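Structure assessment
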Amino acid sequence: MKKIGIVHHGCAKNLIDTELISGKLIEEGFEVTLDAYNPDVEYVIVNTCSFIFDAEQESVKSIFDMIEMGKKVIITGCLPQKHKKHLKKLISEAYGFIGTSDIDKIAGLIKRGKEFYYVTEKPLCAYPETTKRAQITVGSSSYIKIAEGCNYSCGYCVIPKLRGPYVSRPIENIVEEAKNMADKGVSEIILIAQDTSSYGIDLYNKPSLDKLLFELDKIKNLNWIRVLYTYPTNFTKGLIEAYKKIDRLVKYVDVPLQHSHPDILKAMRRPVIDGYEFVSKLRDEIDNLAVRTTLITGYPTESGKHFEHLYKFVEKTRFDRLGVFEFSKEKETYAYNLKPQVPKRIKEKRKNEILALQKGISNEINSALVGKKIPSIIEIVQSDRLAIARTYKDAPDVDGLIYIDTNEILTPGDIFDVEITSYSDYDLYGKI
């Protein structure tokens, strides 16, 4: 039995790919470890991210760290899919290369006992339904990928080239996976895809995320359902009704709007919508809603006037949660050659201005919560007196935490109404 080490990079969607790779290896008789530095490990799989340049750099560093240790390195995921045979020339020391749509073949290729290159030119990332995930993290919450790929062509994004067209999973398969997780004690499931609001169009001829949510609501031992990565165009009336009617669907909408000015949205090849009007409608329809968005500063052609519009949009909309990225120039995207490009120092300056604005907004929102009770899910019990949790307004890894002072015996996954006693910029403090 060979012991295979795995190094993971990237988002929650990539994490599931890592878990599927691990599951397939275990099915085929391999032993899998996350300790890639273990001297007993001969082969190391580095599951890479290639969404932006910084992510590529982190992946490449891991690859060369493992090569220098004498490991047989297999590069999987977005990096080989993006650069294809050019990457093979650049990193000729690597043992194997596998693209995004062929991770189910990895065990068989390793068993052959010789170097390999298996990257398809046009990926089609259908979910390998027969492979059982070997979950790396099993705690209070767990992710479920409901679709793969993307049919949009946003000007800055390489994902459609790396993941292929949108492919939804059947409702019954997703529900079965959620049931299994709930039976293991998972309290919250988090639905992810490149764009969750387009779920089902390819299978059921219309956006069907609402239908999926109502089916998931039938799982008795599940406490919370959270949805990430919605797209404004397909946020249907049916989806809004699901948020209103399903108690276990946390009132948290994650909708990356990217910008506010019509000129920049058009240049981004995004839907030209009034973001403030869109968010206001959601808040009017859904009680106690928390809204998260992400924005890009310094997109090519963004002028001072465009940025001022974005700044005022954030100031007026008062998002509950917000992330900001500087534009990253990626080859094979529409924006790569779009002119004029914005200098890095200006991109960074604009990002920091939005973050400073949001910091003030977050403080004001948090201060208004003192004395109120908010449903929160226990993540970690650190000691007899301290537990770390998330409110329903917070998704794992990207949002804030709530630190709870308590004498009670708590278990990860438990959900309590926590009274807020104090706050910081992005985190809360409370008691049960």
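Up top is the structure these notes are about.
Because the structure is a prediction, the values reported are computed rather than measured. (Residues numbered from 1 in each chain as written. Predicted model: local features only at pLDDT ≥ 70, side-chain atom pairs only at ≥ 80, totals over all residues. Heavy atoms only, no water.)

1. Examining helix H14 (residues 344-367)
For H14, with 24 residues, the first-to-last C-alpha span of 34 Å sits near the 34 Å given by 1.5 Å per residue. In this structure, the buried side of H14 is in contact with strand E13 (290-297), helix H13 (304-317), strand E14 (321-326), strand E18 (415-423) and strand E19 (428-431). (Helix = DSSP H or I, 4+ residues; strand = E, 2+ residues; numbered from the N terminus. Expected span 1.5 Å × (residues − 1). Contact = heavy atoms within 4.5 Å.)

2. Re the pairing of E19
Judged by which residues are buried, E19 turns out to be one-sided: Leu428 and Gly430 face inward and are buried, whereas Tyr429 and Lys431, on the alternate face, are not. Relative to E19, strand E17 (residues 402-405) is paired through 4 bridges, and the arrangement is parallel. Note on E19: the bridge partner recorded for Tyr403 is Tyr429. Here 4 bridges tie E18 to E19, and the two strands are oriented antiparallel to one another. Looking at the pairing, Ile420 lines up with Gly430 of E19. Following E18, the chain reverses through 4 residues before pairing antiparallel with E19. (Buried < 20%, exposed > 50% of the residue type's maximum accessible area, 1.4 Å probe, protein only. Pairing = 2+ DSSP bridges.)

3. A short note on the pairing of strand E10 (residues 188-192)
In terms of burial, E10 is largely enclosed, as 5 of its 5 residues are buried. Covered by surrounding structure in E10 are Glu188, Ile190 and Ile192 together with Ile189 and Leu191, the residues of both alternating faces. Bridge count for strand E7 (residues 141-145) against E10 is 5 bridges, and the pairing is parallel. Bridged to Tyr143 within E10 is Ile190. Relative to strand E11 (residues 224-227), E10 runs parallel, the two sharing 4 bridges. Bridge pairing links Leu191 to Val227 in E11.

4. Considering the side chain of Arg248
Of note, Arg248 is situated in the loop between helix H10 (237-245) and strand E12 (252-254). Taking the relative accessible area as the measure of exposure, Arg248 reaches 17% and is therefore buried. Of note is the side chain of Arg248, whose polar atom sits 2.4 Å from the backbone oxygen of Ile219. Apart from residues no more than four positions distant in its own chain, Arg248 is found in contact with Leu216, Asp217, Lys218, Ile219, Lys220, Leu222, Asn223, Trp224 and Ile225. (Polar contact = N/O pair within 3.5 Å; in protein donor to acceptor, adjacent residues only side chain to side chain.)

5. Things to note about unusual backbone geometry
Look at the link from Lys339 to Pro340: it is a cis peptide, with omega at 0°. With respect to the secondary-structure elements, Pro340 resides in the loop between E14 and H14. You will see that Lys84, though not glycine, has its phi angle at about 50°, which is positive. Take Lys84: it is sitting in the loop between helix H3 (78-83) and helix H4 (85-90). Residues other than glycine seldom take positive phi values, yet Glu332 does so here, at roughly 65°. Along the chain, the position of Glu332 falls in the loop between E14 and H14.

6. Some thoughts on the pattern of salt bridges
Taken as a whole and assessed by the stated rule, the structure comprises 34 salt bridges. Ionic pairing is found between Glu302 and Arg350, a salt bridge with its closest N-O pair at 2.8 Å. Linking Glu302 in the loop between E13 and H13 with Arg350 in helix H14, this pair joins segments that are 48 residues apart in sequence. Of the charged contacts, one joins Glu308 and Lys312 as a salt bridge, the two residues approaching to 3.1 Å between their closest N and O atoms. You can see Glu308 and its partner Lys312 sitting in helix H13, 4 residues apart, about one turn around the helix. On the basis of relative accessibility, which here comes to 42%, the residue Glu308 falls in the partly exposed class. For Lys312, a relative accessible area of 48% corresponds to the partly exposed category. Salt bridges here are not isolated pairs; linked through shared partners, they connect Glu19, Glu129, Arg133, Arg169 and Glu177. (Salt bridge = Lys/Arg side-chain N within 4 Å of Asp/Glu carboxyl O.)

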